[in-house]
Amino acid sequence: MRRSLFLIIFLLSFTAAKLSAQSCFNIFAGNDTTISCLQSCLNLHASVPDVRTTDDYLAIPIPYQPYPYTNPGGILVDPLYLDDRFSPAIVLPFTFCFYGQTYTSCVVGTNGVVTFDISNASTENGYILGPTIPYAGGTPNNDGPYYPKASIMGPYHDIDPSSATPQQPDKKMEYIIVGNAPCRKFILNFYKIPYYNCGAALVTQQIVLYEGTGIIDVFLKDKPFACGGSTNGGTAILGVQNFNRDKAVWVPGRNNTVWSAFNEGWRFVPNGAASLLKRVELYKNNTLISTATTTALGNGLVDALFTNVCQSEDSMSYAVRAFYQQCDNPAIETEGSDTMIIYKTLNPLTINTLPAICPTSGNGQITVTNPVGANLEYSIDNGITWQSAPIFNRPAGSYTVIARVVGSNCTGSAPAVIGSSLPFSINGLVTDLKCKGVSTGQVTFNPIGNNPFDYSKDGGATYQSSNVFAGLAAGSYTFRVRNGLGCTQDTTLIVNEPATAITVSATSTIATCMGNDGTLTITAGGGTPGYEYSIDNGVTWQPGNVFIGLPGGNYNAIEVRDANGCITPTTGTITFLDTMRLELGPDSTICIGQSVTFAPQTNPQTNIFKWTAAPTLVQSEIDKDSIANATVTPLVSKKYYLTAKWGVCQRIDSMIITVLKKPIAFAGNDTIICAKTPAYLNGTAANFSGPLLYTWAPISPLLTFVSPDSSRAVALPDSTQLFIFNVKDNYGCSFSVFDTMKVFIDPPIPAFAGNDTNAVKGVPHQLFSSGGVSYVWSPAGPLNNPFIQKPLATLYNDTYFRVLVTDAIGCTATDDVFIKVYEGPRYYVPTAFSPNGDGLNDIFRPIPVGITSTDFFMVFNRYGEPMFQTREWLKGWDGKFKGKDAAMGVYTWILKGKDKDGKVVEMKGTVILLR
């Protein structure tokens, strides 16, 4: 199928000749069709638009095939790009049929709407979307909601081309006329226009009006979701509404709902009582061959049936031509055309094959089982030769079978493969044993012939798929090889081994403390001469059989390897004679800061010394850690170790040196107390090694000592005071240390229960307190938890709360808060106000309770004129209009907002202005 053309001709000049035409709007008659070469005729179905009178419409999806969104000759809708404005009246280049009426002018709104009611020209295009269409409410030239008469919403949403929202440099709102009369199109483009207050969310949409049909196409390249800051919660309307605003058609799910679309096409097709379709004809080679029987499908399409269309050609192109009466002039006929191709083929071919089992079984066979017949012939050599029989006897291989109708080029083809088992060679390769008695023999087969092969070494009793037989002992074996078609061949192979095995033994000499003076001598025989020797499990090898410079011990990794790589292990032992001694003497006790010099007893030959300590040796506490008579000055008790070496012999001995520690005094952390309360002094000591003596100073603010050893005391300072805690040892080291601590007086607690406020009756209200670290609220009954900083209160009456605040050191204070309880969620609106400047009731404003946002608050005089409007939170009317005092009297107000659950709250009423 190819893109169609609609042709406009006048009835008076219509002829059967081929028409030259321009494109009006697209139709899609149907897909190309394939039939069998053996079929001569068929019933051909095509689909064409069911264009009807415009007293109603039907919305149907169409392929996304928009016109360009920007054009060099495009006419700007509003060069100033004002927000929420209708354009001046635009004269259409043709008469447009819409909802049973005809129009010659339109007005374009910057929020994506077109109206044929030109009274809206250069007025406000409301941005507020409220109800769904059809909707006859609201008044023109305001924020809305107001949906214009005789309007196309493609889609209608709050987009903003003005500088108030960040813009793209290449944005454009334009219209352009395409084509020539009587087949013109009015194309309206909105290109890269952002949502209000959403500079990054760009909208590109197109509305197309077609001359003479009343058809409307809408193409949506980019229609993303609006951001949270946009109007209407991001809702949009995609539909059309009549002049009386009591009839509308919309795309399902897109009638003032939140939605997004990309690369979509929608057509609003006239769906009135009377059809404008006159006839549908089928042409072959520009010659009329059939006129269709038509059936309306009810979805904007008509099924056109052409019966008994006969075709002798292998393929043929047909033109489907639909003729319509123009909606505004019955004397003009509109033609739409599309092309359909009918192909002929014999595919699919059905083929059976028989393989050649073994070389003596003959050839394989190919049989065509469908199609078969007296008027068919077949080829297996790419059409060089043909035969009437559908059977081919051929050798194994790959073929392409072709079938055709005798005397024509109408064909079909299919691949075919004949399998076979050709004569094959076994090619067995023997690997002999390298070591006597070790089953490492192997036979590997590399047969040539038909795959797959399998193998047996027990006369065919069992087979394996692997071509390798490993782990064979020496001997004679008969093997059988079988190919995939069951053909077999036998062969006998011999696996050989060396005549003798390797023998090995080891002898040794004694090792002493002098170090690495032992030897091992290894003796080998048998196998294949050319021996190598190892004492590390074969990691390294040497040709000599004597290993010198060895320490004493057991050698369990001795191996001998012959010229064939055969390995035989053995073990050996080198006896070790150790006569070394080492003694450090008894443990010692010192005061911290004193030193100890060691005097170890050991052999004269001992020449390597290394001192360590547990848990660790600090280098600053030892004069040298590599001499025998080292001197240490330890800071803590330690166990010292001396590691001494004589050649390969080594001894370790230890001595514990206990260090009596110098006490560390701790008077306690600086602290804060409540005014006129006692301070408790709790002195402690650490890092001591015996009994201690304690004293506190100064004495004057102390009340009493409260522990037998005087480490704890009670004081009553009236200002910040520094206390000194003295500690002396009583275990003979004459240590004396001290520490200090400050006592501060805590300032009064800034207890705060929050400002007096309002709450919604029966709805949890958040309380707040500050000034301390813990809180207790009363009364506790309305609270979810009276022991937290911010409890929730569920109230039904006005309530005073008191909070007891405790700070980090336990000091306390209280504060009160009053909660006024209102019914809600709702607005509380005064019934009168007096804007006379006395500071009382000067502003008329609604008080929100349980409300999260206000969409609008408006005040009207008795003539319905707006006196005041705002979206700002808690903003009210000061009784002025255009800078002057408004007259006393009764005024009407309306407001709309959302509660904490997102539900809409709408209210209206009256207020008396007094002065």
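Residues numbered from 1 in each chain as written. Predicted model: local features only at pLDDT ≥ 70, side-chain atom pairs only at ≥ 80, totals over all residues. Heavy atoms only, no water.

Here's the deal with the nonpolar core
Which entries qualify depends on this criterion: Buried residues of nine kinds, namely Ala, Val, Leu, Ile, Met, Phe, Trp, Tyr and Cys, make up a nonpolar core once their side-chain atoms join them within 4.5 Å. Think of it in three bands: residues with accessible area under 20% of the maximum for their type are buried, residues over 50% are exposed, and the middle band is partly exposed, with areas taken using a 1.4 Å probe on protein chains only. Should any heavy atoms of two residues lie within 4.5 Å, those residues are considered in contact.
Counting 42 residues, the largest nonpolar core has F98, F116 and I216 as its most contacted members. Beyond its immediate sequence surroundings of up to four residues, F116 is in contact with L92, F96, F98, Y103, S105, C106, K149, A150, I152 and L209. Judged by nonpolar contacts, the second largest core, of 36 residues, contains L42, Y67, Y191 and M316.

Concerning the layout of surface pockets
Counted only if it meets this: Put simply, the grid is 1 Å and covers the protein atoms alone, a cavity is a trapped set of points that fit a 1.4 Å probe, a pocket is an open set with protein on both sides within 12 Å along at least five of seven lines, and lining residues have an atom within 4 Å of a point. Grid points are joined across faces, edges and corners, and a volume is the space filled by probe spheres set on the points. Secondary structure elements are defined from DSSP: runs of H or I of at least 4 residues count as helices, runs of E of at least 2 residues count as strands, and each element is numbered from the N terminus.
One number sums up the size of the largest pocket: a volume of about 490 Å³. Residue lining of the largest pocket: 20 residues in total, with N142, D143, G144, M858 and Q869 positioned closest to the centre. Counting residues per element, the ones that place at least two in the lining of the largest pocket are strand 69 (851-860) and strand 70 (866-870). In terms of residue count, the dominant contributor to the lining of the largest pocket is strand 69 (four residues).

Regarding empty space enclosed by the protein
The full count for this structure, using the stated rule, is one cavity of 30 Å³ or more. The calculated volume of the largest cavity comes to roughly 60 Å³. Along its surface, the largest cavity is lined by Y827, P846, P848, T854, F857, T870, E872, W873, L874 and K875.

A few points about the state of the cysteines
Two cysteines joined by a covalent bond between their sulfur atoms form a disulfide. Stated formally: By convention in this document, the label disulfide applies to cysteine sulfur atom pairs within 2.5 Å.
One pass over the full model with this rule turns up eight disulfides. Across the disulfide from C435 sits C566; the S-S distance is 1.7 Å. One disulfide, between C435 and C566, carries an S-S torsion of -110° and so falls in the left-handed class. One end of the pair, C435, is in the loop between strand 29 (428-431) and strand 30 (441-445); the other, C566, is in the loop between strand 40 (553-561) and strand 41 (567-574), and 131 residues separate them in sequence. What makes C435 buried here is its relative accessible area of 16%. The buried category is assigned to C566, whose relative accessible area is 4%.

Thoughts on the confidence of the model for the chain
Low pLDDT means the predicted coordinates in that region are not meant to be read closely. Quick note on the threshold: As a per-residue measure, pLDDT tells how confident the predictor is, with possible values from 0 to 100.
Averaged over all residues, the pLDDT of the chain equals 89, while 95% of them reach at least 70. Strand 1 (residues 5-10) is the least confidently modelled element of the chain, averaging 31 in pLDDT, while strand 8 (residues 113-115) averages 98, the highest of any element. Here residues 1-23 is a poorly scored stretch, pLDDT under 50, and it has 72 contacts once near neighbours within four places are set aside; other chains count.

A few points about the pattern of salt bridges
Our working rule: In the sections that follow, a salt bridge refers to a side-chain nitrogen of Lys or Arg positioned within 4 Å of a carboxyl oxygen of Asp or Glu.
Taken as a whole and assessed by the stated rule, the structure comprises 27 salt bridges. Here E264 makes a salt bridge to R254, at a shortest N to O gap of 2.7 Å. Of the two residues, E264 is situated in strand 16 (residues 261-270) and R254 in strand 15 (residues 248-258); the sequence distance between them amounts to 10 residues. Its relative accessible area of 22% is what places E264 among the partly exposed residues. Put simply, R561 and E532 hold a salt bridge, and the shortest N to O gap is 2.5 Å. Pair noted here: R561 is in strand 40 and E532 is in strand 38 (residues 532-534), with a separation of 29 residues, a long-range link. Using a relative accessible area of 29% as the deciding quantity, one classes E532 as partly exposed. A network of salt bridges, in which partner residues are shared, links K278, R279, E281 and E333.

Notes on the environment of P604
Considering the arrangement of structural elements, one finds P604 in the loop between strand 46 (601-602) and strand 47 (608-614). For P604, a relative accessible area of 78% puts it in the exposed group. For the pair P604 and M580, spaced 24 residues apart in the sequence, the C-alpha separation amounts to 9.7 Å.

Some thoughts on the sheet that holds strand 40
Note the threshold: Any two strands are treated as partners once DSSP identifies two or more bridges connecting them. To obtain an axis, a line is fitted to C-alpha atoms, over the contacting stretch when the element is a helix, and the angle between two such axes runs from 0 to 180 degrees between their N-to-C directions.
Within the open sheet, the three strands sit side by side as 38-40-41. Their pairing is antiparallel. Each edge of the open sheet carries a strand with a single partner, namely strand 38 and strand 41. On average, adjacent strands in this sheet sit at an angle of 25° to one another, irrespective of strand direction. Of the strand pairs in this sheet, strand 40 and strand 41 are connected by seven bridges, and their pairing is antiparallel. Within the sheet, the bridge partner assigned to Y555 lies in strand 41 and is G572.

So, the pairing of strand 41
Side-chain alternation along strand 41 places T568, T570, G572 and I574 on a buried face and I567, P569, T571 and T573 on a face that remains uncovered. Hairpin remark: strand 40 followed by strand 41, antiparallel, with five residues in the connecting loop; positive phi at G565, about 85°.

Focus on the side chain of Q241
Here is the rule: Within 3.5 Å is the distance limit for a polar contact, defined as a pair of N or O atoms, with the added protein rule that one can donate a hydrogen and the other accept it, and that residues adjacent in sequence qualify only through two side-chain atoms.
Checked against the element boundaries, Q241 lands in strand 14 (residues 235-241). Q241 sits in the buried class, given a relative accessible area of 0%. A polar side-chain atom of Q241 sits 2.8 Å from the main-chain amide nitrogen of Y135. Separated by 3.3 Å, the side chain of Q241 and the backbone oxygen of P148 make a polar contact. Setting aside chain neighbours within four positions, we find Q241 in contact with F98, Y99, I133, P134, Y135, Y147, P148, A150, S151, M153, K247 and A248.

Points about the packing of aromatic side chains
The line we're drawing: Only rings of Phe, Tyr and Trp enter the pairing, Trp through its six-membered ring, and a pair is recorded when the two centres are within 6.5 Å. The plane angle decides the type: under 30 degrees is stacked, over 60 is edge-to-face, the rest tilted.
Using the criterion set out here, one finds 27 aromatic pairs in the structure. With 4.2 Å between their ring centres and 25° between their planes, F598 and W611 make a pair best called stacked. Taken together, the residues F598 in the loop between strand 45 (596-597) and strand 46 and W611 in strand 47 connect sequence positions 13 residues apart. Under the relative-accessibility criterion, F598 is labelled buried at 2%. The buried category is assigned to W611, whose relative accessible area is 1%. Ring centres of Y800 and F818 lie 4.6 Å apart, and the angle between their planes is 45°; on these two criteria the pair is classed as tilted.

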